[in-house]
Each structure stands twice: as C-alpha cells, then as structure tokens.
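Single-letter residue listing:
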Amino acid sequence: MGALPLVVNAYFATGASEWYADAARAEALARGWRRACDDAGCVWGGGESPALPGLVAEGDIELAGAAVGATPAGLEPILGSELAAGDEIVLVASSGLHANGASLARAVAARLAQGYATALPSGATLGAALLAPSLLYVPLIAALLRSGMRPTYISHITGHGLLKLMRADAPLTYRVQRLPQVPEVLQLLVAEAGLDAHAAYSTFNMGAGLALYCRAGEGERAVRAAVDAGLHALVAGRVEAGPRQVVLEPVGVHFAGGELALSGPARAREP
C-alpha cells in the first residue's frame, strides 16, 4: 500500500525455554531478526517469547511478528484504484524460496539421497540455498515515493506465485512477455517435484519477489531505482483491458481469474 514500516514486534514461541540454551542458535535468531529490521528500516519494538509445552513440540520454535507502518505524509494508500490498462508491470527479482513453498521443499529434500546436502550447479547445497535471506523491498518503495513516482499498484509474489499478479480486484488482463531468471534452488525443486509450468508458477515465486505496476513509460525508471537499491528488475509486461487473468507468454501459462481463490471455494478480497 506504500506504507513504510515503523516498528515490528517479535513472537518466538518454543516448546521449552531450553531452546535458548544453545547460545549460537539463539544469537543467530536475534541477529537475523535484527537484520530484517535494518533492511526494512524499522525498529524492533520488543515482543514475547513464551514457552508453550504441549502446544509447540519440544525442540521447535514458532516465529511470527506484527508490524505497524504509515504512508508518507501527503500520500494516499496505494490500493489499486488507479490501476489501468496501459500500465507497465515491473518484476523485481527474488533471492530464492522466500517465504512460500517450504513444505514442498522439505518433502523434496526428504526424497533426495543427499537431502539438504544435495549440491546445486553452483556448488551451493540445497539447505544453504533454502536458507538464503528473503529480500525486503522497503528501500525500493521508499526511494520511489521520495522521487515522486507513485506506482498504481504493488503486489508481493509469495503464496500462489505469479497468480498474485492479478491480486487487485479489477477486470484487467496482466500480460507478461519477459520473466526473470529462475533461481537454481527453485529449478531443482520444480524438477524433483515434477511440477509443470502452470503448477510451478502458481506455487513458487520463480525468481520474482515483487511486482510494481507503473504508468506507461515509467517502468524503466522503476528498474533503475531497483538497481540503485541493489536489486535486479525488468519491465516484464503490461496491463490490458479484458477479463481478469494472467498470461505468462514465455512459458505458455494462462491463469484464469477464478484460480486465485484465497478463501474457500469462492475468491475473497485481500486487505
């Protein structure tokens, strides 16, 4: 929505308080959470770390958080009301798995002879690649807003993969003519899970972590801003008048509007 994070509270629930007896593990958790706060430009405002035996398995930890943000003064939230045919779609690269598909990744690792030690073409292990920190896109959005460029819509590409390109509740077609390179860890998961292109691009982010929708002619400006923020991006396609659908031309995939069912049998609006 263009709201920039101010503060995030942590919730670390364990099956037993002894989880923190492993000092290196506990310090790594705090270090990673702090890095995410730094990347997002927000304050770690505290939180809770309950021990919940009987609710959380001993040796496990459940991580969650709640964040509060605000839109910059003078700007209205970006809710998609300005999204229109002719807008350009910019896809910003992911760093790998991000936050979705972990259950399938665990299932694939369990079937591999070397498990998480399976080597990828680059020489990295599957386990290390799955743990690559997710990219946070706050600095990019903040830079765009500071520059006076207001995207007509912003969508994260997480659960449901590139189905999320039609996250806005609007009768529009999202035509993609270029796609980012698929990270090698996702290539392996797709191959080992036997997913076709339709399933792969509706399960994983497939190399795209964020979609920016820009007015005609502004896409390259957003790409330059992404590069300045240390990210990779490309003008991937455009918004067209037509039925609510996503067309991924490079991989021959078509997602009809009804496929983005976010709640039960009927599609529900997201906040």
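Not measured: the values here are computed from a predicted model.

Visitor: Report on the sheet that holds strand E7 (residues 208–214), specifying residues and quantitative values.
Guide: Taken in spatial order, the seven strands make up an open sheet running E5-E7-E4-E8-E6-E9-E10, and their pairing is mixed. The open sheet terminates on both sides in strands that have one partner only, identified here as strand E5 (153–156) and strand E10 (253–256). Strand-to-strand, the axes of this sheet are offset by a mean angle of 20 degrees, without reference to chain direction. Sheet strands touched by helix H4 (residues 138–146): strand E4 (88–93), E5 and E7. Its angle to E7, the strand with the most contacts, is close to 15 degrees. Where helix H7 (residues 219–228) meets the sheet, its contacts fall on E4, E7 and strand E8 (233–241), and the angle it forms with E8 comes to roughly 150 degrees.

Visitor: Lay out the sheet that holds strand E2 (residues 43–48) with the relevant residues and their values.
Guide: What links the strands of a sheet is backbone hydrogen bonding, and the strands pair in either a parallel or an antiparallel sense. Across the sheet, three strands lie side by side as E2-E1-E3; this open sheet has mixed pairing. Two strands bound the open sheet, and with one partner strand each, they are E2 and strand E3 (61–70). Strand-to-strand twist in this sheet, taken as the mean axis angle between neighbours without regard to direction, amounts to 25 degrees. With four bridges connecting them, strand E1 (residues 4–14) and E2 associate as parallel partners. Bridge assignment links Val7 to a residue of E2, and that residue is Val43. Against the sheet, helix H1 (residues 23–40) contacts E1, E2 and E3, and its axis sits at roughly 165 degrees relative to E1.

Visitor: Just give me the short version of the packing of helix H2 (residues 102–111) against helix H5 (residues 184–193), but keep the residues and values in it.
Guide: Packing of H2 against H5 leaves a shortest axis separation of 10 Å and a crossing angle of 70 degrees. The pairing of H2 with H5 is recorded here as roughly perpendicular in orientation. For H2 against H5, the interelement crossing comes out left-handed. Contact residues: Leu104, Ala105, Val108 and Arg111 in H2; Leu188, Leu189, Glu192 and Ala193 in H5. When its residues are assigned to classes, the contact of H2 with H5 shows six nonpolar, no polar and two charged.

Visitor: Account for the pattern of salt bridges, naming residues and giving values.
Guide: Counted according to the given criterion, the structure contains six salt bridges. A salt bridge links Arg150 to Glu82, with the shortest nitrogen-to-oxygen separation between them at 3.0 Å. Highlighted residues: Arg150 in the loop between H4 and E5 and Glu82 in the loop between E3 and E4, separated in sequence by 68 residues. Residue classification places Arg150 among the buried positions, given a relative accessible area of 18%. When the shortest N-O distance is used, the salt bridge between Glu82 and Arg215 registers 2.5 Å. With Glu82 in the loop between E3 and E4 and Arg215 in the loop between E7 and H7, this residue pair connects regions lying 133 residues apart in the sequence. Residue class for Arg215 comes out partly exposed when judged on its relative accessible area of 33%. Put simply, Arg175, Arg238, Glu240 and Glu249 are held in one network by salt bridges that share partners.

So, how was this worked out
Residues numbered from 1 in each chain as written. Predicted model: local features only at pLDDT ≥ 70, side-chain atom pairs only at ≥ 80, totals over all residues. Heavy atoms only, no water. Pairing = 2+ DSSP bridges. Helix = DSSP H or I, 4+ residues; strand = E, 2+ residues; numbered from the N terminus. Axes fitted to C-alpha atoms, helices over the stretch in contact; angles between N-to-C directions. Contact = heavy atoms within 4.5 Å. Parallel < 35°, antiparallel > 145°, perpendicular 65-115°, else oblique. Left-handed = near helix turned anticlockwise from the far one by under 90°. Nonpolar A, V, L, I, M, F, W, Y, C, P; charged D, E, K, R; others polar. Salt bridge = Lys/Arg side-chain N within 4 Å of Asp/Glu carboxyl O. Buried < 20%, exposed > 50% of the residue type's maximum accessible area, 1.4 Å probe, protein only.

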